[in-house]
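# Chain and residue survey
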Amino acid sequence: MNASLPSLEAIDAAVHAELAPLAVDIDVDGVYPEAFLRHLGALGGYGASLVADEHHPLDLRHVLTVAAHVGAVSGAAAFAVWCQFTCAWYLRHATVPATRARYLDAVVRGELLAGTGMSNTMKHLAGIEKIRLSARREGDGYVLNGVLPWVSNLAAHHLVIVAAAVDTGGYAMFAVETGTPGYANHPCPEFSGMEGSRTLSLRFKQVRVAADQVLAHPEQFDAFIARIKPGFLLGQVGMGLGVVDACIKVLHEHGGGQNDVNAYLDVQEDDLQAARDVLVAETALLAAQAQVGKAALLPVLRLRAEASELALRAGNAAVLHAGARGYIRRHAAQRLLREAVFVAIVTPALKHLRKEIHDLEQAASRAEAA
Ligand SMILES: Cc1cc2nc3c(=O)[nH]c(=O)nc-3n(C[C@H](O)[C@H](O)[C@H](O)COP(=O)(O)OP(=O)(O)OC[C@H]3O[C@@H](n4cnc5c(N)ncnc54)[C@H](O)[C@@H]3O)c2cc1C
């Protein structure tokens, strides 16, 4: 793996030349930006340094910047970037070295595109819903059964990373190739946004996974989730920041002249910019800690919730500032409002984050009182 510095200029050039012209088609016609996603991997956009050296200066922060730059052009593409990066992040920390060796390079380079079907597990672990996949242990491998209603960044010859409840107790996590016998996917109902993220409904019927497709066995699972979760959450902040930046641009374009009356609106460009700058600084700090496995969960959950709240505020401000022109179906403000809502509903949704934050705060005050 070439660990030379991925160039943000080269990535930005690809975002503007290859992705920007597709932004409306991605949103309106559900075009999946596959060529761009693969090229981004070749440019080091998914964190080339993950493979080479965990302490390399190009870390999680770099990937967050990439997600933000992509998200400023297309939230759906930024979500696909998050899916790809997050799978690389899981694989980078896989407790089974053979699984890391089998898939990490290809995922980081964007040669093997990958989806993360972890929403159900994350909600299950937070006490919100039942786990939908079960696994029967067979030696060092497993046989999977169950359904996942929504998983993005998927097609033929992709990889999907999921977790399941194991028959002998606990949970395990695996990488499944989408061509494996017993795996099937189906289209989802049409979404109001994010249609370009290739989101499918998945069914697993007696799907076999080999020992070198296991990321964590039950005895490793809790420590593994604790290691990957801050990066999982912070990557989504990158996507949210992209949406916020694009909203700020809309406010900027609709300021002054005949739009002077916009000054009477509650949220102004400077307000969003200031809140955005605080979020960027906090994200950089926590990303540096998460890179080396030292980020505490509570501040990361709070930051992820702040990103949702800011995206919602920015999306609303964008449509209000753009006015009737922004009500035209193909205007960026319309897309941004739906993308901002997605930042707040994708797992962990704002309600889920508030529950986890509440549970951790309660546990901390109980511990203090004891
Ligand atoms: C565009 C899009 C892309 C997504 N991509 C991914 C992804 O890549 N990976 C991933 O793991 N998750 C993905 N999700 C799921 C997402 O992260 C949330 O888990 C999901 O939106 C439900 O969360 P919620 O907080 O609204 O659930 P809740 O409000 O708690 O409840 C929603 C309930 O609906 C149930 N439900 C199950 N199947 C369906 C169905 N087919 N239609 C409607 N409701 C159903 C759910 O089990 C759940 O109980 C995606 C969702 C969307 C809309």
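Residues numbered from 1 in each chain as written. Predicted model: local features only at pLDDT ≥ 70, side-chain atom pairs only at ≥ 80, totals over all residues. Heavy atoms only, no water.

## As for the domain arrangement of the chain
On domain assignment, one finds that the chain holds domain 1 (8-113), domain 2 (115-219) and domain 3 (220-364). Taking the mean C-alpha position of each, domain 1 and domain 3 sit 19 Å from one another. Taken together, the contact pairs 28 residues of domain 1 with 29 residues of domain 3. Together, the buried faces of domain 1 and domain 3 total about 2,600 Å²; carbon and sulfur atoms form 65% of this surface. The largest per-residue losses of area from domain 1 upon contact with domain 3 belong to Leu64, Trp82 and Trp89, which jointly make up 22% of the total buried on that side. Our count for the contact surface shared by domain 1 and domain 3 stands at one salt bridge. Measuring nitrogen to oxygen at the nearest pair gives 2.9 Å for the salt bridge that ties arginine 338 to aspartate 27. At the junction of domain 1 and domain 3, the tally comes to eight residue pairs in polar contact (both at pLDDT 80 or more). Looking at the side of domain 1 that touches domain 3, the elements with two or more residues in it are α2 (23-29), α5 (60-71) and α6 (75-92). (Domains from an automatic or database assignment. Contact = heavy atoms within 4.5 Å. Buried area = accessible area lost by both parts, 1.4 Å probe. Salt bridge = Lys/Arg side-chain N within 4 Å of Asp/Glu carboxyl O. Polar contact = N/O pair within 3.5 Å; in protein donor to acceptor, adjacent residues only side chain to side chain. Helix = DSSP H or I, 4+ residues; strand = E, 2+ residues; numbered from the N terminus.)

## Points about the nonpolar core
Residues Val70, Tyr90, Met173, Leu215 and Leu234 are the most contacted members of the largest nonpolar core, which totals 95 residues. The element that contributes the greatest number of residues to this core is helix α9 (residues 218-253), accounting for 17 residues. (Core = buried A, V, L, I, M, F, W, Y, C linked by side-chain atoms within 4.5 Å. Buried < 20%, exposed > 50% of the residue type's maximum accessible area, 1.4 Å probe, protein only.)

## Description of the site of the ligand
Near the ligand there are 20 residues, and of these Ser119, Lys123, Arg132, Thr347 and Lys351 occur at the shortest range. Between an oxygen atom of the ligand and a side-chain N or O atom of serine 119, the distance comes to 2.5 Å. One nitrogen or oxygen atom from the side chain of lysine 351 is found 2.6 Å from an oxygen atom belonging to the ligand. Elements with a contribution of two residues or more to the shell around the ligand: α8 (119-125) and β3 (141-151). In terms of residue count, the dominant contributor to the shell around the ligand is β3 (three residues). Taken domain by domain, the shell around the ligand gets at least three of its residues from each of domain 2 (115-219) and domain 3 (220-364). (Near = heavy atom within 4 Å.)

## Topic: helix α1 (residues 8-19)
Inspection of α1 places Ile11, Ala14, Val15 and Leu19 among the buried residues, and these make up the whole buried set. Considered in projection along α1, the buried side chains sweep an arc of 105° and stay on one side of the axis. Those residues of α1 that are exposed and aimed more than 90 degrees away from the buried face are Glu9, His16 and Ala17. In this structure, the buried residues of α1 make contact with α2, α3 (34-42), α5 and α6. For α1, the capping residue at the N-terminal end is serine 7, with a side-chain oxygen 3.2 Å from the backbone nitrogen of glutamate 9. (Arc of directions from axis to C-beta.)

## Brief notes about the packing of α5 against helix α10 (residues 269-291)
Their axes nearest at 8 Å, the elements α5 and α10 cross at an angle of 135°. Classed by the angle they form, the pair α5 and α10 counts as oblique. Residues Leu60, Arg61 and Leu64 of α5 form the contact with α10, whose own contacting residues are Thr283, Ala284, Ala287, Ala288, Ala290 and Gln291. Of the residues assigned to the contact of α5 with α10, the class counts are six nonpolar, two polar and one charged. (Axes fitted to C-alpha atoms, helices over the stretch in contact; angles between N-to-C directions. Parallel < 35°, antiparallel > 145°, perpendicular 65-115°, else oblique. Nonpolar A, V, L, I, M, F, W, Y, C, P; charged D, E, K, R; others polar.)

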